[in-house]
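# A look at the structure
Chain residues, written in single-letter form:
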Amino acid sequence: MKISPSEITKVIKAQLKETDREIDYYESGRVIQVGDGIARAYGMGGVMANELVRFENDALGLALNLEEDNVGIVVLGKYADIKEGDQVRRTRRIIEVPVGEELLGRVVNPVGIPLDGKGPVKSERYRPIETKAPGVVYRKPVNTPLQTGIKAVDAMVPIGRGQRELIIGDRQTGKSALAVDTIINQKGKGVYCIYVAVGQKTAAVARVIDRLEDSGAMDYTTIVFASASDPAALSYLAPYSGTALGEYFMNEGKDALLIYDDLSKHAASYRELSLLLRRPPGREAYPGDIFYLHSRLLERAARLNDDRGGGSLTALPVIETLANDVSAYIPTNVISITDGQIYLDPNLFYAGNRPAINVGLSVSRVGGAAQIKAMKKVAGNLRIELAQYRDLLSFAQFATELDKATRDQLTRGEKLTELLKQDQYSPMSVEEQVVVLYAGTKGYLDDIPTERIREYESFLLSKARKEQEALLRDIVEKKDLTPEMEDSLKNFVEKVTEEFKD
């Protein structure tokens, strides 16, 4: 039997053609230790910081510690069935989340998985959760107001688009309520809102969602939620995921508002991960890079210049203090990063002053640049008058007799304090704030009993909506109070005040 080499070659070539020659090439390692949501793997020498890796049980992990002989991985899913010796593969993908208008009205977890039962997120656009903050040459000054609808904030600690304003106070002093009011007030103003709930109770976030839906605010809002029962890794990722979503709108030339509720829990979750990864602890057992954790996050809030589209990302981080201690480690860190803070005082809160803003400790480093001229004119001295009133009040209780000037100042302060009280979930438009604050700062409230001031405010606003539509419209359009407009406002307030007294 003669064997023909050409026939053998032909058969081999035919078989090779039918063979699937696609090679599945990947870099992998082996789990050498696992526990408490942390896995250590040997191998994967080329893995990148913050790279996603995949375990045999299809759970994803985040490579956080790149050490000489192993990789410290934070498991993002179930870790109970990962065991020593399991294979772990590189994905060559830095962790990224879906972004875009498709996420408006949705509740998602920090990796973009929907939690609201409305089906999958249909966005095809993705952004890495960590990006470099815009450089100083790509920014422009913060000079456009972001109205919160809260009289005390818009008048005394104004927030501008692109600013970072800290909301700080003890638990249960109205921090989240202030943030939610600000979201509600953005209706119709072209501002996209992202509410990041870090380590919150599910019931508390459900209440926020209901409130936003009732006021129609979910149409322009996305909620990124890592609950208290989720792994610490998700709480750590949540603020970065929310920022990636906000940056998408900013880079599209739009305005976005981002609320981190709250960064105290975020710092605690990072501390937990760091201690489990055996990173050396520092002050209060936080790792050495805890300041960098928040600075690289909050620096991404900016107002871009016109060459970059002119979009903005405004950040309102929330910090919870313990027993009024604003000098603790995390509060002082975040205060030094932000452009001012709104301090909510528990003593004022329990005394019925809500929102319980402490004028002396609250500041906006952008200041009047983030106010319309009309507001600057009517509220210019408000902050000083209230601060002086608080000082006088502490001395007045020791004095037996007070001179007339001191009594007048105490009366004015008492009336203004009452005027600045505001119900939750009832933000006020800027033109109505101007009318109300004009009445307060010009002394029209001095003869009205303190217990009737809220009633007077409602009466004044109802009259203004009926009789002064043109004036209110002019305040919105011109953003100023011209001498003619001021005369018109003065005559109107005088007339209404006399009517109310009668």
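So, how was this worked out
Residues numbered from 1 in each chain as written. Predicted model: local features only at pLDDT ≥ 70, side-chain atom pairs only at ≥ 80, totals over all residues. Heavy atoms only, no water. Helix = DSSP H or I, 4+ residues; strand = E, 2+ residues; numbered from the N terminus. Contact = heavy atoms within 4.5 Å. Areas by Shrake-Rupley, 256 points an atom, 1.4 Å probe, with all protein chains shown as cover. Lys, Arg positive; Asp, Glu negative; His and termini not counted. Charge placed at Lys NZ, Arg CZ, Asp CG, Glu CD. Axes fitted to C-alpha atoms, helices over the stretch in contact; angles between N-to-C directions. Parallel < 35°, antiparallel > 145°, perpendicular 65-115°, else oblique. Left-handed = near helix turned anticlockwise from the far one by under 90°. Salt bridge = Lys/Arg side-chain N within 4 Å of Asp/Glu carboxyl O. Buried < 20%, exposed > 50% of the residue type's maximum accessible area, 1.4 Å probe, protein only. Expected span 1.5 Å × (residues − 1). Arc of directions from axis to C-beta. Pairing = 2+ DSSP bridges. Core = buried A, V, L, I, M, F, W, Y, C linked by side-chain atoms within 4.5 Å. pLDDT = per-residue confidence, 0-100. Polar contact = N/O pair within 3.5 Å; in protein donor to acceptor, adjacent residues only side chain to side chain.

## Here's the deal with the overall build of the protein
The helix and strand tally for the protein stands at 16 helices and 16 strands. Here the analysis covers contacts within the protein between residues at least 6 apart in sequence; of these, 74% occur between residues at least 24 apart. Accessible area for the protein stands at about 23700 Å²; split by element, carbon and sulfur atoms hold 50% of it. Averaging the positions of the 66 positive and the 73 negative side-chain charges in the protein gives two centres separated by 3 Å.

## Description of the packing of helix α12 (residues 404–419) against helix α14 (residues 453–467)
In contact at an axis separation of 9 Å, α12 and α14 are set at 60 degrees when each is read in the N-to-C sense. As far as their axial angle goes, α14 and α12 are oblique. Where α12 crosses over α14, the handedness of that crossing is right-handed. Each of Lys415, Glu418 and Leu419 in α12 lies in contact with α14, whose residues at this interface are Ile453, Arg454 and Glu457.

## Let's talk about the pattern of salt bridges
In total, this model carries 32 salt bridges according to the counting rule given. A salt bridge links glutamate 101 to lysine 254; the nearest nitrogen and oxygen atoms lie 2.8 Å apart. Of the two residues, glutamate 101 is situated in the loop between β7 (96–99) and β8 (107–108) and lysine 254 in the loop between α5 (232–251) and β13 (255–261); the sequence distance between them amounts to 153 residues. With a closest N to O distance of 3.0 Å, aspartate 306 and lysine 140 form a salt bridge. In this pair, aspartate 306 is assigned in the loop between α7 (290–298) and β14 (312–320) and lysine 140 in the loop between β9 (125–128) and α2 (151–156), connecting sequence segments 166 residues apart. Classification of aspartate 306 by relative accessible area gives exposed; the value is 60%. Among the ionic contacts, a cluster of salt bridges with common partners joins Glu101, Glu102, Arg125 and Lys254.

## So, α14
Between its first and last C-alpha atoms α14 spans 21 Å; for 15 residues at 1.5 Å apiece the expected length is 21 Å, and the two agree. Residues of α14 that are buried include every one of Ile453, Tyr456, Glu457, Leu460, Leu461, Lys463 and Ala464, and no others. Down the axis of α14, the sector holding all buried residues measures 165 degrees, keeping them to one side. Its buried side turned inward, α14 meets α2, α12, α13 (430–441), α15 (469–478) and α16 (483–501).

## Here's the deal with the sheet that holds strand β2 (residues 38–43)
What links the strands of a sheet is backbone hydrogen bonding, and the strands pair in either a parallel or an antiparallel sense. The six strands lie next to each other as β1-β2-β5-β4-β3-β6, forming a closed barrel whose pairing is antiparallel. Ignoring which end each strand starts from, the neighbouring axes of this sheet average 45 degrees apart. For strand β1 (residues 28–35) and strand β6 (residues 87–94), the ladder comprises three bridges, and the chain directions are antiparallel. When the bridges of β6 are listed, serine 28 appears paired with arginine 89.

## A closer look at the side chain of aspartate 181
Relative to the helices and strands, aspartate 181 is located in helix α3 (residues 175–184). Although aspartate 181 is buried, it forms no salt bridge, and the closest oppositely charged side chain is arginine 211 at an N-O distance of 7.4 Å. Those residues in contact with aspartate 181 that lie beyond four places of it in its chain are Thr148, Ile150, Asp423, Gln424, Tyr425, Ser426 and Pro427.

## Some details on the sheet that holds β8
Sheet architecture is open: eight strands sit in the order β8-β12-β11-β13-β14-β10-β15-β16, paired in mixed fashion. One side of each edge strand has no neighbouring strand; the edge strands of this open sheet are β8 and β16 (363–364). Summarising the sheet, strand β15 (residues 340–344) and β16 pair through two bridges and their orientation is antiparallel. Considered in β16, the bridge of glutamine 341 is made with valine 363.

## Some words on the nonpolar core
Soluble globular proteins: nonpolar side chains tend toward being buried together. Among the nonpolar cores identified, the biggest contains 72 residues, and Ile183, Leu212, Ile223, Leu382, Tyr456 and Val493 are the most heavily contacted of them. When residues in this core are grouped by element, the largest group, seven residues, is from α13. Leave out the neighbours within four places in its chain, and tyrosine 456 touches Ala439, Tyr444, Leu445, Ile448, Val493, Thr497 and Phe500.

## Overview of helix α8 (residues 329–337)
With respect to burial, α8 is a largely interior element, seven of its nine residues being buried. When we look at burial in α8, the residues that qualify are Tyr329, Ile330, Pro331, Asn333, Val334, Ile335 and Ile337. On its buried face, α8 sits against β10 (166–169), α6 (263–276), α7, β14 and β15.

## A look at the pairing of β6
Of the strand pairs in this sheet, strand β3 (residues 51–55) and β6 are connected by four bridges, and their pairing is antiparallel. Bridge pairing links phenylalanine 55 to valine 88 in β6.

## What to know about the confidence of the model for the protein
Confidence along the protein averages 92 in pLDDT terms, with 98% of residues attaining 70 or more. Model confidence for the protein, summarised as mean pLDDT per element, is weakest for helix α1 (residues 5–18) at 80 and strongest for β14 at 98.

## Details of the side chain of arginine 90
One can find arginine 90 in strand β6. A distance of 2.9 Å separates polar atoms of two side chains, one belonging to arginine 90 and the other to glutamate 27. Of note is the side chain of arginine 90, whose polar atom sits 3.0 Å from the side chain of glutamate 51. Leaving out residues up to four positions away in the same chain, arginine 90 has contacts with Glu27, Met44, Gly46, Val47, Met48, Glu51, Leu52 and Val53.

## What to know about unusual backbone geometry
The residue after aspartate 261, namely aspartate 262, is reached through a cis peptide bond having omega 0 degrees. By the element assignment, aspartate 262 lies in the loop between β13 and α6. At the junction of arginine 354 and proline 355, the peptide bond is cis and its omega measures out at 5 degrees in the coordinates. The phi angle at aspartate 58 is positive, at roughly 75 degrees, despite the residue not being glycine. By the element assignment, aspartate 58 lies in the loop between β3 and β4 (60–66).

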